[in-house]
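The chain contents come next:
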Amino acid sequence: MTIINDTGKDVYLRLIEAGFTPITAQYITAQAAHETANFTSQVFRENNNIFGYKYVGQWRAKGEKNGHADYKSIEESIQDYSYYYRMAGYPKVFFSLTDFVTSLKRNKYFEASLTEYLNGVKHFYNLYFGG
């Protein structure tokens with residue numbers, strides 16, 4: 001496994017600590033990189049929001065800023081995602097990245113087309129984990 005930046009590595013390790021399996025943590029890290037333009041977006045930098053959540057009363061968010069949920073830390077953003085993941089009933093393990101993204105689409109996690117979102121997540125998965 002090759003993690004190309006410290007933020008991605010931190011996110012991956014925090015996902016493992018939150019109870020995700022290593023492969024699922026890889027998929028979610030790639031998703032987070034896609035959502036945040038490789039952890040460079042304004043929403044990531046100013047809101048500690050690694051999943052692009054809009055603010056609709058997220059569990060751990062301290063409020064809204066820049067039209068998105070605002071968190072005290074990356075860890076709290078991950079806690080929110082973990083809560084969402086459990087409540088949505090996602091499985092512990094997916095058979096493939098395509099299955100993971102397809103499941104997100106089925107649960108209306110993102111508005112983009114399946115192909116567009118999948119290609120974005122695949123790009124970062126390949127970049128980070130040598131897919």
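Note: the structure precedes this text.
Criteria and thresholds
Residues numbered from 1 in each chain as written. Predicted model: local features only at pLDDT ≥ 70, side-chain atom pairs only at ≥ 80, totals over all residues. Heavy atoms only, no water. Salt bridge = Lys/Arg side-chain N within 4 Å of Asp/Glu carboxyl O. Helix = DSSP H or I, 4+ residues; strand = E, 2+ residues; numbered from the N terminus. Buried < 20%, exposed > 50% of the residue type's maximum accessible area, 1.4 Å probe, protein only. Expected span 1.5 Å × (residues − 1). Contact = heavy atoms within 4.5 Å. Core = buried A, V, L, I, M, F, W, Y, C linked by side-chain atoms within 4.5 Å.

### Brief notes about the pattern of salt bridges
Opposite charge on two side chains allows them to pair when their charged atoms are near.
In step 1: Following the criterion strictly, the structure yields three salt bridges and no others.
In step 2: The closest approach of N and O atoms between R14 and D10, which form a salt bridge, is 2.9 Å. In this pair, R14 and D10 both sit in helix α1 (residues 6–17), four residues apart, roughly one turn of the helix.
In step 3: On the accessibility criterion, R14 (26% relative accessible area) is partly exposed.
In step 4: Overall, the relative accessible area of 27% leaves D10 in the partly exposed class.
In step 5: Overlapping salt bridges bring together D10, R14 and E75 as one network.

### Looking at helix α2 (residues 22–35)
In step 1: With 14 residues, α2 extends 20 Å between its outermost C-alpha atoms, agreeing within 8% with the 20 Å of an ideal straight helix rising 1.5 Å per residue.
In step 2: With ten of 14 residues buried, α2 lies mostly within the body of the structure.
In step 3: What α2 keeps buried is the set T24, A25, Q26, Y27, I28, T29, A30, Q31, A32 and A33.
In step 4: Contact partners of the buried residues in α2: α1, α4 (74–88), α5 (97–106) and α6 (114–129).
In step 5: One or two residues past the end of α2 sits A37, with phi positive at roughly 55 degrees.

### Quick notes on the environment of F20
In step 1: Considering the arrangement of structural elements, one finds F20 in the loop between α1 and α2.
In step 2: The sequence separation of F20 and S82 amounts to 62 residues, and the corresponding C-alpha distance is 8.5 Å.
In step 3: Discounting chain neighbours no more than four positions away, the residues touching F20 are L15, A25, I28, Y81, S82 and Y85.

### Topic: the nonpolar core
In step 1: In terms of nonpolar packing, the biggest core is built from 37 residues, with F51, Y81, F100 and Y109 touching the most fellow members.
In step 2: Every element with two or more residues in this core is listed here: α1, α2, α4, α5 and α6.
In step 3: In terms of residue count, α6 provides more of this core than any other element does, seven residues in total.
In step 4: Setting aside residues up to four positions removed in sequence, Y81 forms contacts with F20, I28, Q31, F51, Y53, F100, L104 and Y109.

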